[in-house]
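Fold and contact review
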Amino acid sequence: MLGQEELRTFAEQGFLVLPQVVSHELVARAAAAVDGSIAAEPPGSGVRGPYFYFPASQQVPDLLSLLMDSPAFELAECLTGSNTLTPPEQVQIALNIPPFSHRPGGPHIDGFPPEPDGRPGTFTLLAGVLLSDQLDEDAGNLWAWPGTHLTHAEYFRRYGPDAFFKAAGYPHISLPEPVQIRGRAGDLLLAHYLLGHNIGGNTAKQTRRAIYFRVKRSGHNPRWREFLQDPWLEYDPIRSLAT
Ligand SMILES: [Fe+2]
């Protein structure tokens, strides 16, 4: 369970890294599933930097287990309320293949281009499970711009939620210094949808591996406009903190 301190950190920073949430056994099974995806559709020999697979959850039970058969899903619901989240239908396998000497110029938010029905691809929170250690910087780590979940919400309150389409994932906001998410295999990242983030470089020896789940609260899709303007719309325990 998450304590008040952790809820406060999430409220301010827009993300939390929770150490060793997922067991070695689940991590090992997931690593074998990732090996299988890579063997079936290997990246070309010259591919460096980000490389993704987006299987349907039901096709990769050993990846979905990282979220559903560990404490991860329940920890995510500590932010949104018990029995509020729906299991994701899709999983992202996120590789970052070295050497890739990249430094992102700024953050983005996900969800652009919109889905076929015209709705931006918003969701409630990102749950990421590290499958490889990323203890140093520039090892393929995700970059995050702390607090930008609040600044992005301000942006959408000022310009309206339909400004999402023109911003194309890159609303113009003032930016804090970024941080690189560090952790070990089995650590869990929980990040607010509105947190600005981006792909970093990888000058380490090892390919970085993470599994991302884009998780929605039940009924999220039709209220995306309200959610862009009110970051705690779907986060009852955080809302209770603030009042
Ligand atoms: Fe992203």
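Placed above this text is the structure.
Read on for an overview of the structure. (Residues numbered from 1 in each chain as written. Predicted model: local features only at pLDDT ≥ 70, side-chain atom pairs only at ≥ 80, totals over all residues.)

**Overview of the overall build of the protein**
On a plain count of helices and strands, the protein comes out with 8 helices and 10 strands. Here the C-alpha radius of gyration of the protein, 17 Å, is about what a compact globule of 243 residues would show, namely 18 Å. With respect to the principal axes defined by its C-alpha atoms, the protein has extents near 45 × 35 × 35 Å. In the protein, which comprises 243 residues, the proportion classed as buried is 39%. Pairs at least 24 apart in sequence give 88% of the contacts found in the protein among residues at least 6 apart. (Helix = DSSP H or I, 4+ residues; strand = E, 2+ residues; numbered from the N terminus. Rg over C-alpha atoms; globule rule 2.2 N^0.38 Å. Buried ≥ 20, exposed ≤ 12 C-beta atoms within 10 Å, placed from the backbone. Contact = placed C-beta atoms within 7 Å.)

**Some points on the nonpolar core**
One finds Leu-125, Ala-127, Leu-190 and Ile-211 to be the most contacted residues of the largest nonpolar core, which totals 56 residues. With residues up to four places along the chain from it excluded, the contact list for Leu-125 reads Ala-76, Leu-79, Leu-190, Ala-191, His-192, Tyr-193 and Val-215. (Core = buried A, V, L, I, M, F, W, Y, C linked by C-beta atoms within 7 Å.)

**Describing unusual backbone geometry**
With an omega dihedral of -5 degrees, the bond running from Pro-98 to Pro-99 counts as a cis peptide bond. Its place among the elements puts Pro-99 in the loop between β4 (92–97) and β5 (125–130). Between Phe-112 and Pro-113 the backbone carries a cis peptide bond, its omega angle lying at 0 degrees. One can find Pro-113 in the loop between β4 and β5. One non-glycine residue, Asp-138, adopts positive backbone phi at about 55 degrees. Summarising the element assignment, Asp-138 is placed in the loop between β5 and β6 (142–144). On the basis of neighbour counts, which here come to 17 C-beta atoms within 10 Å, the residue Asp-138 falls in the partly exposed class.

**Section: the sheet that holds strand β7 (residues 179–180)**
Across the sheet, 3 strands lie side by side as β7-β6-β9; this open sheet has antiparallel pairing. The open sheet has two edge strands with one neighbour each: β7 and β9 (197–199). Inspection of the sheet shows β6 paired to β9 by 3 bridges, in the antiparallel sense. The residue bridging Leu-142 from the neighbouring strand is Ile-199, located in β9. (Pairing = 2+ DSSP bridges.)

**Quick look at the pairing of β5**
For β5, a buried count of 6 out of 6 residues is recorded, marking the element as mostly surrounded by other parts of the structure. Pairing of β5 with strand β10 (residues 208–217), which is carried by 6 bridges, proceeds in the antiparallel orientation. Residue pairing for β10: Leu-125 is matched across the bridge by Val-215.

**Looking at helix α5 (residues 148–159)**
For α5, with 12 residues, the first-to-last C-alpha span of 16 Å sits near the 16 Å given by 1.5 Å per residue. Looking at α5, one finds that the buried residues are Thr-148, His-149, His-152, Ala-153, Tyr-155 and Phe-156. Across the axial projection of α5, the buried residues extend over an arc of 155 degrees, all falling on one side. Facing away from the buried side of α5 by more than 90 degrees, the exposed set consists of Arg-157 and Arg-158. For α5, the elements touching its buried residues are α6 (163–167), β8 (188–192) and α7 (224–229). After α5 finishes, the residue Gly-160 shows a positive phi value of roughly 90 degrees. (Expected span 1.5 Å × (residues − 1). Arc of directions from axis to C-beta.)

**Considerations on the packing of helix α2 (residues 24–40) against helix α3 (residues 61–68)**
Orientation of α2 relative to α3, taken along the N-to-C sense of each, is 150 degrees, at an axis distance of 8 Å. When the axes of α2 and α3 are compared, the crossing they make is left-handed. Listed contacts from α3 to Leu-26, Arg-29, Ala-30, Ala-32 and Ala-33 of α2 are Asp-62, Leu-63, Ser-65 and Leu-66. Of the residues in the contact of α2 with α3, the class split is 6 nonpolar, 1 polar and 2 charged. (Axes fitted to C-alpha atoms, helices over the stretch in contact; angles between N-to-C directions. Left-handed = near helix turned anticlockwise from the far one by under 90°. Nonpolar A, V, L, I, M, F, W, Y, C, P; charged D, E, K, R; others polar.)

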